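Understanding the architecture of this molecule
Here is how the chains run, residue by residue.
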Amino acid sequence: MKNTLVLTSVGIMVSSTLAAPTSLPSTDVSAPEGNRVRDAAPTMPGEPNAHQARDALPNMYGEFDDPEEIKERSTHEKRVEHCSLSFSYLTTRRLDCQNDVSNSITKLNKKSKLFVMREAPQTLFPKLFKSWKISHLVFEKDTDAYARQRDYLIMEAARVAGVEVIVQPGRTLWDSDELVRENNGKPTMTLSQVQTAGSRIGPIQRPMPAPRSIPDPGELTLEFEQQKPEYKPDLNNAIRGHDDQSYEKISGPDGDFAVPTMEELGFPAATTPHRGGETIALQMLDKIIVDEDYTAKFEKPKTAPTAFEPQATTLLSPHLHFGSLSVREFYWRVQDVVSNYSGTTSKPPVSLTGQLLFRDMYLGAQARLGFPFGQTEHNSHCRFMPWHLPTEISPSTNLPTSSYTIDSQEAEIWFQRWKSGVTGFPWIDALMRQLKQEGWIHHLGRHAVACFLTRGGCYISWERGAEVFEEWLIDHETACNAGNWQWLSCTAFFSQFYRVYSPIVFPQKWDKEGGFVRKYVPELRNLDKKYIYEPWRAGKLDLKKANVRIEGDGMGEREEGTYPKPMFDFAERRQICLEEMKKAYKIGMYGDDPRVLDGSWRGLFDDPAGDLKEGRTTTEKGKSKEETETGRKRGRGQDTLDGHFKKAKK
């Protein structure tokens, strides 16, 4: 009797007499035959499998080989991963996916379902292997930095237990590590690199069909104690109605391995209209594919960021993130339409399949760079800019801490107003409110708010914006989020920093009536269209007619009918940012430059404020935050744009 654990993107399926990988409805295991290995799937050239000596770890996971340091490094991403669920619509979508795949399994075998166990895999699997007499462990390859470390520990536990591990890539069109290997071992930083490396790997594999039957799950008794994962501090505590009850038993409160409920987790009902699960994903895909003109001629830049109910794009990215839609299923369903279309078709990168190439590009870059890809410091491919509100870096791990330096109180206010959707620029505010309410905004909307926060207005670190997106987006992918923010801040992938999105002119191109703003910024719904993107220009009579007053900064409680003044003069701020970008590009430093790491970069930039020489972005060992002037407080900070603030406000 062989018992196999099949790990889907949302849980565990247990099967007896299953000796090979099976394509469940929510999985994609159409990988080359060579990826079926014992103990581990190779990652980079010359890298070891899990059964090889631990001293090979530096080649596989970075410059460290101490298990305690592995644990310390993984703490950062686990914390962020937990925080990314802090809004109930993200949790709802995850539960949607779990319930849907469980129902799909039960349709094939009424005795089976998705078995959800409440314990960290690193501690659960060694016990489960023995208790359930597991012979095989099957899961999808994940090249996220934390996932590599987690999976290494699991594969090592499987080796010790004599369990055969089968790892298959399915998250991307091509295996990200193979893509890097065919790109001469370098991160994929352009689409042409992805296409060239991909062609060397071979054709994109078609997904395997879903199984028509599944064996019985076998014996499911648990003869071991649960080891509850540590989750304090609970970053979701603020929105829970009561304590998380899901960890009362390893098999759930009712002992039936059921998918958790929102009530069980203590979360309120979700506000997003966007729900999860493969059933919904395939229905959405079917509606797209049946419209052959839309599918074959799709050009992303020509889709309207102001469209809603319905949106102008596919809205399938959350399903790719949660694993409820196979990326290869999406690719081939679209490609088959394009191949048989009689008219002129769109081409990558603007086509539907072209959008998937961007995803492979970012995931390939992250696969090569690891943890540093998600930050500026120690990132060899991210340009260094003296942004406001820089990230505080731990000197022991070289990873971001939970704090950032407040080098300018005004910049901190700008950041909080941006996050809250009260910048005084209706287009920006509408987008940020949609994001917070629904967990999604159009890609050009993302371009607009990211440009505004970084190089097009506030000159605030892209890492602050990436953190907000990570918290709110239902389609958040670690690699895509970091990559897009680097692109839009012109620190990597894209360098035309002089192309700035105007919060006034750009939305007028798409929505002269201001319908999008009227929906998400309802205090302006009655304002004349002449002023919908510039309400501060409206006269007293126009404002009175619209029952709106322009006053305050929008923070805290606002009286009904009020809308905040704009944070700054956009034209002046745009010019200031352009000058600073030119200067940084001329100096030409990247995140791994010794001058960036030791702080001597400050001598290369003008210091108009006169008191900005002592701040640093790395916490010094043995010193408090007060001594280093870092953390979420007013510090002396790095040289940025403080000297221009008075000029901007004149």
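Structural data are supplied above this passage.
A brief report on the enclosed structure follows. Since we're looking at a predicted model, the values are computed, not measured. (Residues numbered from 1 in each chain as written. Predicted model: local features only at pLDDT ≥ 70, side-chain atom pairs only at ≥ 80, totals over all residues. Heavy atoms only, no water.)

Now for the overall build of the protein. When helices and strands are tallied, the protein shows 25 helices and eight strands. Evaluated residue by residue, the protein yields a buried proportion of 58% over its 650 residues. Expressed as a percentage of contacts within the protein between residues at least 6 apart in sequence, the contacts between residues at least 24 apart total 73%. (Helix = DSSP H or I, 4+ residues; strand = E, 2+ residues; numbered from the N terminus. Buried < 20%, exposed > 50% of the residue type's maximum accessible area, 1.4 Å probe, protein only. Contact = heavy atoms within 4.5 Å.)

Membership of the largest hydrophobic core comes to 108 residues, with the highest contact counts inside it found for F330, W418, I428 and L527. Counting residues per element, this core draws most heavily on helix α13 (residues 352-369), at nine residues. Non-local contacts of L527, meaning those with residues more than four positions away in its chain, are made with R518, I532, P535, A538, D542, L543, A546 and V548. Counting residues in each nonpolar core, the second largest holds 22 residues, with F115, L124, W132 and V167 among its members. (Core = buried A, V, L, I, M, F, W, Y, C linked by side-chain atoms within 4.5 Å.)

Considering all chains together, one arrives at 29 aromatic pairs under this definition. Centre to centre, the rings of F425 and F568 are 5.8 Å apart; their planes meet at 45°, and the pair counts as tilted. Linking F425 in the loop between α14 (409-420) and α15 (426-438) with F568 in the loop between β8 (562-563) and α22 (570-587), this pair joins segments that are 143 residues apart in sequence. Overall, the relative accessible area of 1% leaves F425 in the buried class. The positively charged end of R206 is found above the aromatic ring belonging to W332, 4.0 Å away from the centroid. Just above the ring of F568 sits the side chain of R573; from NZ or CZ to the centre is 5.8 Å. (Phe/Tyr/Trp six-rings, centres within 6.5 Å; stacked < 30°, edge-to-face > 60°. Lys NZ or Arg CZ within 6 Å of the ring centre and 35° of its normal.)

For the rest of this paragraph, the subject is the pairing of strand β3 (residues 134-140). Of all seven residues making up β3, six are buried, and the element is well covered by its neighbours. The sheet contact formed by β3 and strand β4 (residues 164-168) spans five bridges and is parallel. Pairing of F139 across the sheet is with V167, part of β4. (Pairing = 2+ DSSP bridges.)

Relative to strand β6 (residues 400-404), strand β5 (residues 391-393) runs antiparallel, the two being bridged by two bridges. Directly across from I393, in β6, lies its bridge partner P400. Here β5 hands over to β6 after six residues, with N398 in that stretch at a positive phi of 65°.

Here we come to the packing of helix α12 (residues 327-340) against α13. Between α12 and α13, whose axes approach to 9 Å, the crossing angle comes to 150°. Judged by the angle between their axes, α12 and α13 are roughly antiparallel. Crossing hand, α12 versus α13: left-handed. Facing V327, F330, Y331, V334 and Q335 of α12, the residues of α13 in contact are L352, T353, L356 and R359. (Axes fitted to C-alpha atoms, helices over the stretch in contact; angles between N-to-C directions. Parallel < 35°, antiparallel > 145°, perpendicular 65-115°, else oblique. Left-handed = near helix turned anticlockwise from the far one by under 90°.)

Another point: unusual backbone geometry. Most of the time, phi is negative for any residue but glycine, and the peptide bond is trans. Here E309 and P310 are connected by a cis peptide whose omega angle stands at 0°. Tracing the backbone through its elements, the reader meets P310 in the loop between α10 (292-297) and α11 (317-322). Of note in the backbone geometry, C490 takes a positive phi value of approximately 60° without being a glycine. Considering the arrangement of structural elements, one finds C490 in the loop between α18 (478-488) and α19 (505-510).

Right, let's talk about helix α7 (residues 191-201) for a bit. Considered for burial, the residues of α7 that qualify are L191, V194, A197 and G198. Along the long axis of α7, the arc covered by the buried residues comes to 130°, so they all point the same way. For α7, the secondary structure elements touched by its buried residues are α6 (176-182) and α13. Looking one or two residues past α7, G202 carries a phi angle of roughly 130°, positive in sign. (Arc of directions from axis to C-beta.)

Along helix α17 (residues 462-472), ten of the eleven residues are buried, which leaves the element largely enclosed by surrounding structure. The set of residues buried in α17 consists of W462, E463, R464, G465, A466, V468, F469, E470, E471 and W472.

A word on the side chain of D100. With respect to the secondary-structure elements, D100 resides in helix α3 (residues 88-108). One buried charged residue, D100, remains without a salt bridge, the closest side chain of opposite sign being K107 at 6.7 Å. When sequence neighbours within four positions are dropped, the list of residues in contact with D100 reads G277, E278 and T279. (Lys, Arg positive; Asp, Glu negative; His and termini not counted. Salt bridge = Lys/Arg side-chain N within 4 Å of Asp/Glu carboxyl O.)

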